[in-house]
Amino acid sequence: MSYTNRKQILPENIERVFSQIDKPAVSVTLLIVTATETDFDVLLVKRVRLPFKDMWSLPGDIIALDETLEESARRIMKEKTGMEDFYLEQLYTFGDPGRDPRGRLITVAYLCLLPNKTLLPEKINDILQKKWYPSKNLPPLAFDHDQLISFGIDRIINKMGYSTIAKDLLSESFRLSELQKLYELALNGPIDKRNFRKWLKNLALVEPTGEVFRSGRHRPAKLYRFTSNNLVVFK
């Protein structure tokens, strides 16, 4: 049922009472993450208006009355980055009364993952500045976005321990060494190569593509892919 249709079936007195309630604004904020060899990088945009003008923040927008939360997240992602194909997960709702100096603003945060070789368009419009920042070396941020980023990175790391969420941070085909480096990044330390590959084999989550990666005089490395395009949860 559309927003307009819902309004049409409400009794007039209910509509009047509802209009007298102080209502907060609701926005959607995107935590867009990719992985490098040294960190989980976060996409930030520079604000062009008050509050926090010229400070870096996560991309976001007020939700439209006729769109769902997910539709809003996908719209913002397309407007800010030009991307339409990506991993999307609702992360958390941030609603501290003082989080926005303009007034009561509740934001629903979404986690968006992109492979580390994804190239974003250089310019979406003339006023939007965007830049990848390592999550461990962020500039001063607007609003409560430092808390949001910390929450989201923790979600990724925790989820890598029981699901195939790592696949959305890699290219469709990859070397096992690339996957291992991603897990080493999450665990913040080295992993024994033999034990890691034994673990992968027991879970049966990846399979050879039949192709190899060649680099200079090095021995060609087999390329792998995840056995399922969907997110798989394992024990």
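Let us look at the structure shown here. (Residues numbered from 1 in each chain as written. Predicted model: local features only at pLDDT ≥ 70, side-chain atom pairs only at ≥ 80, totals over all residues. Heavy atoms only, no water.)

We now examine the environment of Pro97. You can see Pro97 is positioned in the loop between strand 5 (87-94) and strand 6 (105-113). Residue Pro97 is classed as exposed on the basis of its relative accessible area of 58%. The spacing of Pro97 and Pro24 is 73 residues in sequence and 9.5 Å in space, taken between C-alpha atoms. With residues up to four places along the chain from it excluded, the contact list for Pro97 reads Gly103 and Arg104. (Helix = DSSP H or I, 4+ residues; strand = E, 2+ residues; numbered from the N terminus. Buried < 20%, exposed > 50% of the residue type's maximum accessible area, 1.4 Å probe, protein only. Contact = heavy atoms within 4.5 Å.)

Glancing now at the side chain of Gln180. Mapped onto the elements of the fold, Gln180 is located in helix 5 (residues 176-187). Setting aside chain neighbours within four positions, we find Gln180 in contact with Ile191, Asp192, Lys193 and Phe196.

Between helix 5 and helix 6 (residues 193-203), the shortest axis-to-axis distance is 11 Å and the interhelical angle comes to 100°. In terms of orientation, helix 5 lies roughly perpendicular with respect to helix 6. Taking contact as the criterion, the partners of Leu176, Ser177, Leu179, Gln180 and Tyr183 in helix 5 are, on helix 6, Lys193, Phe196, Arg197, Trp199 and Leu200. Class assignment of the residues belonging to the contact of helix 5 with helix 6 gives a composition of 6 nonpolar, 2 polar and 2 charged. (Axes fitted to C-alpha atoms, helices over the stretch in contact; angles between N-to-C directions. Parallel < 35°, antiparallel > 145°, perpendicular 65-115°, else oblique. Nonpolar A, V, L, I, M, F, W, Y, C, P; charged D, E, K, R; others polar.)

Turning our attention to the side chain of Asp41. On the secondary structure map, Asp41 appears in strand 2 (residues 40-46). With no salt bridge to any partner, buried Asp41 finds its closest opposite charge in Lys136, at an N-O distance of 9.5 Å. The contacts of Asp41, once residues within four sequence positions are left out, are Ile32, Val33, Thr34, Thr36, Trp132, Tyr133, Pro134 and Ser135. (Lys, Arg positive; Asp, Glu negative; His and termini not counted. Salt bridge = Lys/Arg side-chain N within 4 Å of Asp/Glu carboxyl O.)

Here strand 6 lies mainly inside the structure; 9 of its 9 residues are buried. Relative to strand 6, strand 1 (residues 25-35) runs parallel, the two being bridged by 9 bridges. Residue Ala25 lies in a different strand from strand 6, and its bridge partner there is Leu105. Relative to strand 6, strand 5 runs antiparallel, the two being bridged by 7 bridges. Bridge pairing links Leu88 to Cys112 in strand 6. (Pairing = 2+ DSSP bridges.)

Before going further, it helps to examine helix 6. Its side-chain oxygen at 3.2 Å from the backbone nitrogen of Arg194, Asp192 defines the N-terminal cap of helix 6. Of the residues trailing helix 6, Ala204 is marked for its positive phi of about 55°. (Polar contact = N/O pair within 3.5 Å; in protein donor to acceptor, adjacent residues only side chain to side chain.)

A full pass over the atoms with the stated rule returns 10 aromatic pairs. Here the aromatic rings of Tyr183 and Phe196 are separated by 5.7 Å at their centres, their planes lie at 55°, and the arrangement is tilted. A residue pair is termed long-range when its members are at least 10 positions apart, and Tyr183 in helix 5 and Phe196 in helix 6 qualify at 13 residues. A relative accessible area of 10% places Tyr183 in the buried class. Note on Phe196: relative accessible area 3%, which makes it buried. Three or more aromatic residues link up through ring pairs in this structure, and these residues are Tyr183, Phe196, Trp199 and Phe234. Just above the ring of Phe86 sits the side chain of Arg74; from NZ or CZ to the centre is 5.3 Å. For the cation-ring pair, Arg175 lies above Phe213, with the distance from its terminal atom to the ring centre recorded as 4.1 Å. (Phe/Tyr/Trp six-rings, centres within 6.5 Å; stacked < 30°, edge-to-face > 60°. Lys NZ or Arg CZ within 6 Å of the ring centre and 35° of its normal.)

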